[in-house]
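# Structure at a glance
Each chain is listed here by its residues.
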Amino acid sequence: MAEGTRSLRGGSPGSSPLLGGRGRAAAASCPPGHGFRRVTLTKPTFCHYCTDFIWGLAGYQCEVCNFMSHEKCLKNVKIPCSCIAPSLVRVPVAHCFGPPGHYKRKFCTVCRKSLESPAFRCEVCELHVHADCILFACSDCRQCHQDGHQDQDTYHHHWREGNLSSSARCEVCKKTCGSSEVLSGMRCEWCGIMAHAACYIIVTPECTFGRLRNMILPPSCVQLFSRNFSKLHCFRISENLQTETDEDDDVDGSTQGSAKEVQISTDSSKQTLKIFDGNDAVKRNQFRLISVPRIAKNEEVVEAALRAYYINDDQQEYELQTFTQQALLSDDVINRNDDPEDSNLGSVFRESIPEAWTIRAKPKDEEVIRIYPAWLKVGMAYVSLRVNKDSTTQTVIKEVLPLLGRQTESLQNFKLVEVLMGSKQVQRMVLDNQEPILNRLKDIRKTSIRQMNQTRFYIVENSKSIVQVNLFVGGLPPQLSPEEYTNILKDELAIKTNVVSVSHVYQVQGAVVLKMACFSEAERIYMLAKDTTVNDKPLNAVVIPEVMASKIPQNCCPLLVFVNPKSGGLKGRDLLYSFRKLLNPHQVFELTNGGPLPGFHTFSKVPSFRVLVCGGDGTVGWVLGALEEIRHKLVCSEPSVAILPLGTGNDLGRVLRWGAGYSGEDPYSILVSVDEADDVLMDRWTILLDAEEPAEGAENGVAEPEPPKIVQMNNYCGLGIDAELSLDFHHAREEEPGKFNSRFHNKGVYVKVGLQKISHTRNLHKDIKLQVDQHEVELPSIEGLIFINIPSWGSGADLWGSENDNRFEKPRIDDGLLEVVGVTGVVHMGQVQGGFRSGIRIAQGSYFRVTLLKPIPVQVDGEPWIQAPGQIIISAAGPKVHMLKKSKQKQKKTGSQREMRVDSMSVSEGGR
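Residues numbered from 1 in each chain as written. Predicted model: local features only at pLDDT ≥ 70, side-chain atom pairs only at ≥ 80, totals over all residues. Heavy atoms only, no water.

### Describing the overall build of the protein
Each helix and strand in the protein was counted, giving 19 helices and 46 strands. The buried share among the 912 residues of the protein stands at 55%. Once local pairs closer than 6 in sequence are excluded, the contacts in the protein between residues at least 24 apart make up 71%. Taken as a whole, the protein presents about 39500 Å² of accessible surface, with 48% of it coming from carbon and sulfur. (Helix = DSSP H or I, 4+ residues; strand = E, 2+ residues; numbered from the N terminus. Buried < 20%, exposed > 50% of the residue type's maximum accessible area, 1.4 Å probe, protein only. Contact = heavy atoms within 4.5 Å. Areas by Shrake-Rupley, 256 points an atom, 1.4 Å probe, with all protein chains shown as cover.)

So, in structure tokens, the structure goes:
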């Protein structure tokens, strides 16, 4: 774009609206923080305010954040510029950035440009940024837990601009507020309501969490002290997905930034300069590129450098320095043409001009700073205070307290805290009482003027801080005493018992929960546990929050979500992202990171909750088994379980109406269906495997028989040909696991191994004996014997059949009975799968004893193995489990909230 003359200049951060919307009206006459310039349009352009096309060749663009506007819309612009965004943050909360990826039809929140190259997105909120813009994103993520800093019980809407569906509708005026062309429209990331930029300011500030309010774990009920832990650790996000650039804020903008900016320097009349913003940027080699005319005043270069770092201060307060620290004079001219006629400029320019410069703040004798009152209930966002060279931390506190109405209190009761609101980490440092404030400001600016723009000062009350970090450690030997677990942790992790104690022990699972009163010790144990093995088994460590059950509203029944990211062709990873956005991330657990136990422990004190399991039937069985083992330690001992089927067969999901498999449905609709689901009971069965002969391969035939083992069954148990096919499929998947990432391929492998067995003949009825409810049952000529608990087998086939039979009762999943069915071979199984035949009905009962006369393949809920000769006893497994069956009635209309989720929360949005 060719630029014309300056038309309008916005206010500086000092004139920006106050926190919490206290000054929005005052910004109506002047766009908050923007510096608009009239530009000539060379390509189709849309207004970021009204989203309409800008007709003609002229428009107005902010020189800092690239906000485009009609001339008629300028007076109505309410969206603040990126340069003052840090000053508008209510509570600083760092973001949790995932790995870089390609995100279609998304826009960067900082520079407002399209995300055409690999970019970052926050795993907790809807923030999207370019790799070179990530340093300038302020810490305005959702506050999902209390951490002792500005804790609150009343939650306001958490607004995020843009990246809405083009069909999104405003909550206020009911008109379309989304756009696929520009960053436009506002959305609350808790309740999901959307509004125009001009409408959202009149929405009631308090947020009620929307349609999913009864399923969301309220942030005010969750406590997590996480000073030394990254956001990835706090939300249990797998680090194996992360890229190398995950240290602090070390995203190297020197390459990615230059690739985007260098395009503006192709004009031969312009030059490109490297600009560093302080010593930290020089050390990290992180620079920004600017394009300026080859003959340019120093003021013009300084102003361009400030815009590159999203700073809208007066350029007279800054200067450019070379690496030799020689400041340019205000009337110097930078010329890189090296023409002979320019030799009259002065000796400093006779040599080649350096390509790299550092922008520095000029020293000041006094300035105005903002002091924020932290969680002191004083009814104001901040107070402004003028400081000079004699001002120290103690004098600042003394001057601030009367302004806050606390003049009668002792200075010793308060402290001044410096807070750096980085995009990845919020860092806090208590200032010494005698530290000169101006010197501190000078040091910050010398380090980075960008960091100065993201730094605040809080006055807080001195109080004895209580540190408590809960760490779940699994992978320990099972069935040990608390003392034995403590000794193991002393030996392997060198824990300090004066600050670390074992608060909970799970002996069956071989896991403990450590309570630590020291941040550094907690971080050391966490990092060490990840690289430690006990009895050749690696330990796993998970940071878990504490749920304060007494604060949960009475009508709230939060949903505990378990996701197996390896199920469903890796769709589980996208569902993890979506559910973290729709709910509180602390109620979403990844099963590959410690299994179900950390989730159940976190919810152990919650009086009422439900469970959603995202995975195949094997995953569901895993979670139900863990629930049975820990049930006695839960306040809500019988939570209802819903299923989002991600596996291959998904027979249990079919029976409970959750479908044959997940195919990209809107996650928001799934949660609404779970909320409306009906509670039903289901039988679970215990299978005792008691081998009477040693397993095959014993040396010289001298070996003890395998010890008895117990497995749980939810769906079905098969012996013979059915289990043999499952075993062959299992071996094929172990050989090439990378190929088994879709249901279509998995079923194809089943067909292949079935065809290979079609000519085999077996006489299973001669190799086993069956006893049902203490009565011997004569078996017909069969090759497979199957015990079924649900009316779905082998990906939806009805093995029992629908014909009436007076000998047996009509099967139900909660009748306390199992149905026994026989199949004559692979062809018979294929006919059952096609719906042409049903199995051979053999028996129905509640107690079964099967005698194996030779080794026979056995499978329980899809998990196969070869069982040695001996006894198999099947009996009911205690109390029935509560499951959630999808309601037949259509979902209720939820207005704009429902429309909002169609695009923004679709799992296909982030196609990497």
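Next, the rest of the story.
### Focus on helix α14 (residues 667–676)
Across the 10 residues of α14, 9 count as buried, placing the element largely inside the fold. Residues Pro667, Tyr668, Ser669, Ile670, Leu671, Val672, Ser673, Val674 and Glu676 constitute the buried set of α14.

### Quick notes on the sheet that holds strand β16 (residues 356–361)
The strand order across the open sheet formed by 4 strands is β12-β11-β16-β14, and the pairing between neighbours is mixed. Whereas interior strands pair on both sides, the edge strands pair on one side only; in this sheet they are β12 (288–293) and β14 (318–321). Put simply, the sheet's adjacent strands are angled 40 degrees from each other on average, direction ignored. Lying over the sheet, helix α4 (residues 298–308) contacts β11 (270–276), β12, β14 and β16, oriented at roughly 150 degrees with respect to β12. (Pairing = 2+ DSSP bridges. Axes fitted to C-alpha atoms, helices over the stretch in contact; angles between N-to-C directions.)

### Overview of helix α9 (residues 519–529)
Residues spaced three or four apart along an α-helix point in a common direction, a consequence of the helix completing one turn every 3.6 residues. All of the buried residues in α9 are Phe519, Glu521, Ala522, Ile525, Tyr526 and Ala529. One side of α9 carries all its buried residues, which in axial view fall inside an arc of 165 degrees. (Arc of directions from axis to C-beta.)

### A closer look at the environment of Leu403
Among the structural elements, Leu403 can be located in helix α5 (residues 393–403). Ignoring sequence-local partners within four residues, the contact set of Leu403 consists of Met380, Val383, Ser384 and Leu385.

### Regarding the sheet that holds strand β27 (residues 540–544)
Taken in spatial order, the 4 strands line up as β23-β24-β22-β27 in an open sheet, and their pairing is antiparallel. Either end of the sheet is taken by a strand with one partner, and the two such strands are β23 (500–506) and β27. Pairs of neighbouring strands in the sheet enclose a mean axial angle of 25 degrees, with direction left out of account.

### As for the environment of Ala494
By the secondary structure assignment, Ala494 is in the loop between α8 (482–493) and β23. Accessibility expressed as a relative area gives 43% for Ala494, which makes it partly exposed. Measuring from C-alpha to C-alpha, the distance between Ala494 and Ile525 comes to 8.4 Å, with 31 residues separating the pair along the chain. Apart from residues no more than four positions distant in its own chain, Ala494 is found in contact with Leu489, Glu521 and Arg524.

### As for the nonpolar core
Core analysis: the biggest nonpolar cluster contains 151 residues, and Phe579, Phe600 and Leu612 have the highest contact counts within it. Ignoring any residue separated from it by four or fewer positions in sequence, one finds Leu612 in contact with Leu559, Leu560, Val561, Phe562, Phe579, Ala642, Ile643, Leu644, Leu671 and Val674. If you look at the next biggest cluster of nonpolar residues, it comprises 28 residues, including Leu224, Leu471, Leu489 and Val500. (Core = buried A, V, L, I, M, F, W, Y, C linked by side-chain atoms within 4.5 Å.)

### Quick word on the pattern of salt bridges
All told, the structure shown has 26 salt bridges when counted by the stated rule. With a shortest N-O distance of 3.5 Å, Arg386 and Glu366 are connected by a salt bridge. Of the two residues, Arg386 sits in strand β18 (residues 383–388) while Glu366 sits in strand β17 (residues 366–372), which places them 20 residues apart along the sequence. Assessed through its relative accessible area of 51%, Arg386 is described here as exposed. (Salt bridge = Lys/Arg side-chain N within 4 Å of Asp/Glu carboxyl O.)

### A short note on the pairing of strand β22 (residues 469–474)
Sheet faces and side chains relate simply in a regular strand, where the side chains alternate between the two faces. The element β22 is extensively covered by neighbouring structure, given that 6 of its 6 residues are classed as buried. Because side chains alternate across β22, one face comprises the buried residues Val469, Leu471 and Val473, and the other comprises Asn470, Phe472 and Gly474, equally buried. In terms of strand pairing, β22 meets strand β24 (residues 511–516) through 5 bridges, oriented antiparallel. Within β24, the residue paired with Val469 across the bridge is Met516.

### Describing the confidence of the model for the protein
In the predicted model, the protein carries a mean pLDDT of 81, and 80% of its residues have values of at least 70. Mean pLDDT values over the elements of the protein span from 38, in strand β1 (residues 2–9), up to 96, in strand β29 (residues 559–563). Of the regions scoring below 50 in pLDDT, residues 697–701 engages in 1 contact with residues more than four places distant in sequence or in other chains. (pLDDT = per-residue confidence, 0-100.)

### Here we look at the environment of Tyr310
Secondary-structure assignment places Tyr310 in the loop between α4 and β14. Relative accessible area serves as the criterion here: at 6%, Tyr310 is assigned to the buried category. C-alpha of Tyr310 to C-alpha of Cys133: the two residues are 177 residues apart in sequence and 10.0 Å apart in space. Every residue in contact with Tyr310, bar those within four places of it in the chain, is listed here: Val64, Cys65, Ser82, Cys83, Val110, Cys111, Cys133, Phe136, Arg288 and Asn453.

### Section: the state of the cysteines
Tallied over the entire structure, the rule returns 0 disulfides. Not part of a disulfide, Cys144 finds its nearest cysteine sulfur in Cys141, a span of 6.1 Å. For Cys144, a relative accessible area of 2% corresponds to the buried category. Cys170 supplies the cysteine sulfur nearest to Cys173, a cysteine that is in no disulfide, at a spacing of 3.7 Å. Here Cys173 falls in the partly exposed class, since its relative accessible area comes to 30%. (Disulfide = S-S within 2.5 Å.)

### Observations concerning unusual backbone geometry
The phi dihedral of Arg112 is positive, around 65 degrees, even though this residue is not glycine. By secondary structure assignment, the location of Arg112 is in the loop between β4 (68–69) and β5 (119–121).

### Let's talk about the side chain of Ser448
Secondary-structure assignment places Ser448 in the loop between α6 (437–447) and α7 (449–453). A polar contact of 3.2 Å, which involves the side chain of Ser448, links it to the backbone nitrogen of Arg450. Not counting chain neighbours up to four residues away, the residues in contact with Ser448 comprise Asp277 and Gly278. (Polar contact = N/O pair within 3.5 Å; in protein donor to acceptor, adjacent residues only side chain to side chain.)

### Structural notes on the packing of aromatic side chains
According to the stated counting rule, one finds 18 aromatic pairs in the structure shown. Centroid distance Trp159 to Tyr200: 5.3 Å. Interplanar angle 70 degrees. Geometry classified as edge-to-face. Here Trp159 is found in strand β7 (residues 159–161), whereas its partner Tyr200 is found in the loop between β9 (194–195) and β10 (222–223), with 41 residues between them in sequence. This pair shows no difference in class: Trp159 is buried, exactly as Tyr200 is. Plain terms: the ring middles of Phe603 and Phe609 are 5.3 Å apart, the flat faces sit at 70 degrees to each other, and that makes the pair edge-to-face. Each residue in the set Phe46, Phe53 and Trp55 is aromatic and connected to the rest through ring pairs, giving one cluster. For Arg142, the ring lying beneath its charged end belongs to Trp190, and the centroid distance is 4.3 Å. A cation over a ring is seen here: Arg236 above Phe589, with NZ or CZ 4.0 Å from the ring centre. (Phe/Tyr/Trp six-rings, centres within 6.5 Å; stacked < 30°, edge-to-face > 60°. Lys NZ or Arg CZ within 6 Å of the ring centre and 35° of its normal.)

### Points about the pairing of β12
Burial analysis of β12 places 5 of its 6 residues in the buried class, the great majority of the element. As paired elements, β11 and β12 share 6 bridges and run antiparallel to each other. Looking at β12, one finds that Gln271 is bridged to Val292.

### Some thoughts on the side chain of Asp683
For Asp683, the location among the structural elements is in the loop between β33 (678–682) and β34 (685–691). The buried category is assigned to Asp683, whose relative accessible area is 4%.

### Topic: the packing of helix α10 (residues 571–582) against α14
The contact between α10 and α14 brings their axes to 10 Å, and the two run at 65 degrees. Here α10 is positioned roughly perpendicular relative to α14, judged by the angle of their axes. Handedness of the α10/α14 crossing: right-handed. Residues Leu575, Ser578, Phe579 and Leu582 of α10 touch α14, and the partners they reach there are Pro667, Tyr668 and Leu671. (Parallel < 35°, antiparallel > 145°, perpendicular 65-115°, else oblique. Left-handed = near helix turned anticlockwise from the far one by under 90°.)

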